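Residues per chain, in single letters:
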Amino acid sequence: MARTNIIFLGMPGSGKGTISSILETKANIIQISTGDIFREEINNKTELGLKVKAIVESGSYVPDDITNKIVENKIIQMQANNQKFILDGFPRTVQQAMFLDQLNFEDYIVVYLDVEKQVVIDRLSQRYFCKVCKKSYNLASFKSKKHPYCENDGELLIQRVDDQPEAVKKRLDIYEKETAPVIDFYRRKNKLLTITQHDNINETIDKILDIIL
Ligand code: ADP
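This text gives an overview of the structure that appears in the document. (Residues numbered from 1 in each chain as written. Predicted model: local features only at pLDDT ≥ 70, side-chain atom pairs only at ≥ 80, totals over all residues. Heavy atoms only, no water.)

1. Side note on the environment of Gly10
Following the sequence through the fold, Gly10 ends up in strand S1 (residues 5-10). When the C-alpha atoms of Gly10 and Val132 are compared, they prove to be 25 Å apart, with 122 residues separating the residues in sequence. Setting aside its immediate chain neighbours within four residues, Gly10 contacts Lys16, Tyr112, Leu113 and Tyr175. (Helix = DSSP H or I, 4+ residues; strand = E, 2+ residues; numbered from the N terminus. Contact = heavy atoms within 4.5 Å.)

2. Side note on the layout of surface pockets
There is about 1400 Å³ of room inside the largest pocket. Top element by residues in the lining of the largest pocket is helix H2 (residues 34-43). It accounts for seven residues. Of the residues contributing to the lining of the largest pocket, the split by class is 14 nonpolar, 20 polar and 15 charged. Its volume calculated, the second largest pocket comes out at about 380 Å³. In terms of lining, the second largest pocket is formed by 17 residues, of which the most central are Arg39, Ile42, Asn43, Phe129 and Lys131. The element best represented in the lining of the second largest pocket is H2, accounting for four residues. A per-class count over the lining of the second largest pocket returns five nonpolar, three polar and nine charged. (1 Å grid on protein atoms, 1.4 Å probe; cavity = no way out; pocket = protein on both sides within 12 Å on 5 of 7 lines; lining within 4 Å. Points joined across faces, edges and corners; volume = space filled by probe spheres on them. Nonpolar A, V, L, I, M, F, W, Y, C, P; charged D, E, K, R; others polar.)

So, to be careful, I would describe these as geometric facts and stop short of saying anything about function.
Following this line, the structure appears as structure tokens:
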């Protein structure tokens, strides 16, 4: 059972989602992915989904007030159950980080996956995922043994609309402007664990497990 919560920071495609789902099974910790939450709402055509569809698919950020409220509710739920969690994709702006601070959320480490821009551009163009179980694959490094189908459930794998080149460019531009300052925010608080060489996913996982278990 994990002793502390985790905040993951890193460019789109840096591996936050993949590493989070491995940690979920190894450390009894729950992944809260704001991207997954939005995609699910879009998929189910809920009121929220319809509101954020165009924003998410173009690669822009959903307004902070919407995202903050969703995360706050999730955190309340987790804390009520004494369950440790991973924030994957939140906070993504300094305003979101400040919002977290004023929830008296203290019990966390921040893991920053520092990956080169060209590496993530290459990865995103080759990324496929399963709409049903959410597992993510990569043609270059992590290809499904049953490509183009999911290893878990045999579903046809798809590419995310926002993994198209135009949207990727926009996401990386916004990341540099809005999310890079969040890294400094946590560095100043002495909360940051930076992992640079993380092609070896197992080493990364072990490093994190050492800290949280
Ligand atoms: P990635 O990290 O690969 O960019 P995510 O799945 O985390 O992808 O997020 C997908 C999209 O969901 C983002 O591009 C954005 O539109 C929206 N989103 C996710 N998290 C946030 C957030 N914290 N604030 C604003 N928008 C968000």
